[in-house]
Amino acid sequence: MEIQSHVRYEATLDKDFARWATSIPGGEKIRQCTQCGVCSGACPLSVYMDYTPRKIVVMTREGFKDDVLSSHTIWLCASCYACTVECPIGINLAEFMYALKARAIKEKRYPKKFPTPIYAQEFMEMVAGRGRGTESLLAIKSEFRRRSPIRLLKRAPLGFRLMRKGRMKIGLGPECVKDRKEIAKMLDALGEVTHERKGVRLLSWMRRKKHSKAL
Amino acid sequence: MVSTAAKKNLSQNEQRAMSDEVRIGVYVCHCGSNIAGTIDVVALTAYAKSLPGVEVAREYKYLCSDVGKELIREDVKSHRLTRVVVASCSPLLHEETFRRVVAEAGLNPFCFQMVNIREHASWVHVHEKDKALAKAKDLVRAAVLRVAAHEPLVKKRIPVNPDVLVVGGGIAGIQAALTLANAGKHVYLVERDPSIGGHMAKFDKTFPTLDCAACILMPKMGAVGAHPNITLWSYSEVAQVDGYVGNYKVTVKRKPRYVIEDLCIGCLQCIDKCIYKDMRFPNEFDLGLGKRKPVYVPFPQAVPMKVVIDPETCIRLKTGKCKETCVEACGPKAIAFDQKEEFKEIEVGTIIIATGFKTFDPTKVAYYGYKRYPNVVTGLEVERLLNAAGPTGGELVLKDGRKPKSVGIIHCVGSRDKRYNAYCSRVCCMYSLKLAHLMKEKVDADVYNFYIDLRAFGKGYEEFYSRVLQEGVHLIRGNVGEVTDVALTPDEEGRLIIRVEDTLVGVVRRIPVDLVILAVGLEAQADAQEVRRMFNITCSQEGFFMERHPKLAPVSTFTDGVFLAGCCQGPKDIPDAVAQAGAAASEALALIDQGEIEVEANFAYVDEDLCSGCKACISLCPYTAITFDEEKKRAVINEVLCKGCGVCVAACPSSAIGQHLFEDAQILGEITGLFTNGAKAEE
Amino acid sequence: MRIFEELGLKLTELDDWNCCGATLCAGVSKISSFALTARNLALAEKNYAGKDIVAPCSACYLAFIKTKDYMQRYPDVKQKVDTALAAIDLQCQGKARVRHPLEVIVTDVGLEEIEARVKKRLTGFKVAPYYGCQTTRPYAEFDHPFFPDSMDKLLRVLGAEVIDYPLKTKCCGGAITSMVEEVGLRLNYILVHEAHKRGANAISTSCPLCQFNLDVYQKKTIKEYDLDFSIPILYFTQLLGLALGIGAKELGFGRVMVPVKPLLATVE
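Since this is a predicted model, take the numbers as computed values, not measurements.

(A) Structural context of the overall build of chain A. Tallying secondary structure elements over chain A gives 12 helices and zero strands in all. Going from the N terminus to the C terminus, chain A shows its helices and strands as α-α-α-α-α-α-α-α-α-α-α-α. Contacts in chain A between residues far apart in sequence, at least 24 positions, make up 60% of those at least 6 positions apart.

(B) The interface of chain C and chain A, seen in detail. Counting residues at the interface gives 42 residues for chain C, matched by 45 residues for chain A. Among the secondary structure elements, those contributing two or more residues to the side of chain C that touches chain A are helix H2 (22–26), helix H3 (30–47), helix H5 (75–86), helix H9 (176–179) and helix H10 (181–197) of chain C. In terms of residues, the side of chain C that touches chain A owes the most to one element, H3(C), which gives six residues. Split into classes, the residues belonging to the side of chain C that touches chain A amount to 26 nonpolar, nine polar and seven charged.

(C) Structural context of helix H4 (residues 66–78) of chain B. Look at H4(B): 18 Å from first C-alpha to last across 13 residues, which is about the 18 Å you get at 1.5 Å a residue. On the buried face of H4(B), the contacting elements are strand E1 (24–29), strand E2 (54–60), strand E3 (83–88) and helix H5 (91–104) of chain B.

(D) Molecular detail of the sheet that holds strand E11 (residues 236–244) of chain B. Residues and elements named next belong to chain B. Reading across from one edge, E11-E12-E17 is the order of the three strands in this open sheet, with antiparallel pairing throughout. Looking at the sheet topology across the chains shown, the edges are occupied by E11 and strand E17 (342–348). Taken over all neighbouring pairs, the strand axes of this sheet differ in orientation by 20° on average, direction set aside. Strand direction decides the pairing type here: strand E12 (residues 247–254) and E17, joined by seven bridges, are antiparallel. Of the residues in E17, the one forming a bridge with Thr251 is Glu345.

(E) The arrangement of the sheet that holds strand E4 (residues 161–162) of chain C in detail. All names here are of chain C. In space, the four strands of this open sheet follow the order E4-E3-E5-E6, with parallel pairing throughout. Looking at the sheet topology across the chains shown, the edges are occupied by E4 and strand E6 (233–235). Packed onto the sheet, helix H13 (residues 236–243) meets strand E5 (202–205) and E6 and runs at close to 75° relative to E6.

(F) Main features of the pairing of E3(B). Residue and element names in this part refer to chain B. Within E3, six of the six residues are buried, which leaves the element mostly enclosed by the surrounding structure. The alternating pattern of E3 places Arg83, Val85 and Ala87 on one face and Val84, Val86 and Ser88 on the opposite face, and all of these are buried. Taken together, the five bridges between E1 and E3 define a ladder with parallel strand orientation. The partner of Gly25 across the bridge, within E3, is Val84. Two elements, E3 and strand E4 (residues 112–116), share five bridges in a ladder whose sense is parallel. Directly across from Val85, in E4, lies its bridge partner Gln113.

(G) Structural context of the confidence of the model for chain C. Residues and elements named next belong to chain C. Per-residue pLDDT for chain C averages 90, and the proportion of residues at 70 or more is 99%. Across chain C, the element-wise mean pLDDT spans from 77 in helix H1 (residues 2–6) up to 96 in E4. In the model output, the complex is listed with pTM 0.87 alongside ipTM 0.90.

(H) Inspection of the domain arrangement of chain C at higher detail. Residue and element names in this part refer to chain C. For chain C, the domain assignment lists domain 1 (2–99) and domain 2 (111–267). Relative to domain 2, the C-alpha centre of domain 1 lies at a distance of 27 Å. On the domain 2 side, the residues contacting the 13 residues of domain 1 number 16 residues. Among the elements of the structure, H1, H2 and helix H4 (58–73) are those that each provide at least two residues to the side of domain 1 that touches domain 2.

Scoring rules and cut-offs
- Residues numbered from 1 in each chain as written.
- Chains lettered and ligands numbered in written order.
- Predicted model: local features only at pLDDT ≥ 70, side-chain atom pairs only at ≥ 80, totals over all residues.
- Helix = DSSP H or I, 4+ residues; strand = E, 2+ residues; numbered from the N terminus.
- Contact = placed C-beta atoms within 7 Å.
- Nonpolar A, V, L, I, M, F, W, Y, C, P; charged D, E, K, R; others polar.
- Expected span 1.5 Å × (residues − 1).
- Pairing = 2+ DSSP bridges.
- Axes fitted to C-alpha atoms, helices over the stretch in contact; angles between N-to-C directions.
- Buried ≥ 20, exposed ≤ 12 C-beta atoms within 10 Å, placed from the backbone.
- pLDDT = per-residue confidence, 0-100.
- Domains from an automatic or database assignment.

Okay, structure coming up:
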């Protein structure tokens, strides 16, 4: 067994991250968290998380930025709001999880092979590009992005069954609103970089590949 | 406008003051550097000297010191001053001090005005010295012009009725009543339930000594029942309170027991012979867990030991038809089905409110399963189950009769929670540890306590915690996420599972137990708002009655003569309730033993010549101090009830009401002084 | 839609609706998900003024309520969304009322009226009512956050036996189920196993994603956990329609993955 020191020096913590967390909607009250743990006790997914929701709160407010943003926890949250309703301080933990997810994506710190952040980004791009999402396409694109086409093959039987039962559309292209550009215009006005145009998708895929090789 | 009676009591100095001779002394305090650090006190004093009517103006480092006070006294005598102004700190701190100094010098204490140049000028304008000085000058000038119009006043003294009313017969009420009765005062103890004892009578053992609650309470209850100075009215409620400190008139409603108290000897033959052969109605004392007959005593050691008949379940009272076997069985012929509620009028000087608390209803916390699962109970219910006089004879059994092999105790139910009660209920950690110990002792169960923070603050409490830890009770730090009967493993089948994050170890645990005890918090009684209105006191945000000052006046209220004791003022354990009851009793005694109370002089008064009898003022008075004299057709203000708020003075359309210390000339003087930069007050 | 028609409520599909982003987009950019939802709200206010929005998709339902709430409580959210909508000539005033189909049926039509219209009582149906999480938390607009009973009452009025099901708002995994399958199957197992254990022969849902998760993944769950039963997962309007006498095919029973025919057969 390899012996390792687990001490955490103050200098390794990020106080700006802690301050950011208390300034966003949903994070106003995390300083008042008494660490009671009812959130973890109520959360149906907490048994699968590397850090329980309670730990995420205290780690965030202390500035353990890397640990929090690269955790699996935030990507396992199903936003069922059981934590929010049971919290005695009234912290909207599910909303807080959303904010951490967005930050993790913005800084590209999420666990790279984990499905949820990949699907989330693909879905966002789809909705931003066309105003609607197409499930079949989502699965295909996400699994390719995860570099796991084998998983896609494993999911194929399910996909075919759904198609047979008439629950999944095939062919005829992805779903779209009447005027795609309208959606793009609206999201542009927000000033957030969440989507890419159709034309540059291949280019951006190549860019991403290059970027990940460099990491 | 001072009454002739008052004039007679004036000293020579004061009589001089009443003449038009206005000779003012102004004293500016440095207050160390609190004032002098920001305000140029020398310049301020010089300015004061230049004001009209000012004979003497001085500044001194600490006017409240003996030297400072002597300075003022000397000046009053040697300069024949008729008015004094002190410019220093807040009147809340030293108005009384300086009024006393002035009185000691022979001047009427109300020929005095205090100006707060510390909080109002120095402390708030620390970085603007020039402006602070200018403001201080304005304030002093205003005071000088005001005080010129001051008149001597006399504080009225009223007698205090030595009798006391104690509302509530729990441990706090009992303690207060005994203390007062032992001091020789006559006490009326009014209790809503048929017996005194309150919540403490329901407990099994008390922490941390594990004394049997009944064993330590009964002697006190017995003493109350037997004390010649205590009139115990159980099964009674206060219906109305009129009057004021020293002179309260209280109406007490005595609810009908359908039993003549003086005749009942507590033999309980009537219960035995009741046509209902078995107990079948939920017993209130056992929180519905036990049963009683329509004719009952709440518990075997009830004080007074008098029977009660429940009109809701007694056949004779509901239908009029019954064999009346109870009447037959009663030797002293004490049963009286025609008894009506009685209203008793009493006069007391002081009132102590000790109405106690109620427990939080955990039905609101849906995911704990209270009322959905039969084996989820509250701490108070468990006390009844453990108590030897309780519904199971002290046997700790589940609803199906089995003994529990494992027990989960959940702390902080309804407390420390912004959705229900944000405060900590103070006693639940300790009573949960106590219950844990008793569980181990009685049934040797596996016990798990689920807490967020453990509060073991009192004498012997930390040691008790240590003992409970040593006994092998599992102390798990985690707020329980849910209590469920959905089993995920074979050993969870048929049991209640507690899902919680064990925050100390750092994992989520599922713990199957047989019995779940919810440590419910303490809340104000359901009728707290009604009661507080009746006694004219206030409630704080949590709903408990409000004390006058949380640190320095924990038993008085803002209504003179009404005191608080026990949990009605806030959650507390028995030692603190008893201590507070003693404190309330001593405050009452202090009032009573003085024999008289001094009434503040700044009350309002009606000029009968000007009053038109329009009654506009009467409904406006927040202290119900104004009444209408039907004969004279004039409004009359009760000087004792009047708090000097000034509403009636402002509202009177005939300008018939004046207020001592706030006469028009005085107020106008102050206003003129603030704004006109030195011009004399216009009439 | 057929059900609403049957009950006399007029439903019109919102023209040119866009995806609100559901739970996934909120994890990428919250403000974008607010803007996307606000576009739907704005379109509804503009083109269908005065009408209530009925959102059968639970994620949309919650997104609507959340967006309205956040725009009211957080001025900078309102400002950003207003700017985004203005860029496409739209305006969201937060006036449109957002409702769930279950609530609309139970409130606007009423249980008595429905009972009167029942043609075929669902005798023999032992249903476990499953609400899911998004419609009951955190805004408990029309029912209790952990133990709701509007669907229970509706099912009883249709003649079905409603079993006592404590997991009625326990998370099915939502979007996680398809992505992180091991977790999804476990949550699935807990729900269907308990329902079966308590004697249910069907689960009635009021969330389409719950229906999808519990239905589509049931085959895998059965295999993974070696179960000896299967339990049909239906959307509550399917049961309502059945009781109202509408044909099984029209109600889409054929599109349910877990075979429903055996259940219908035992009950005929």
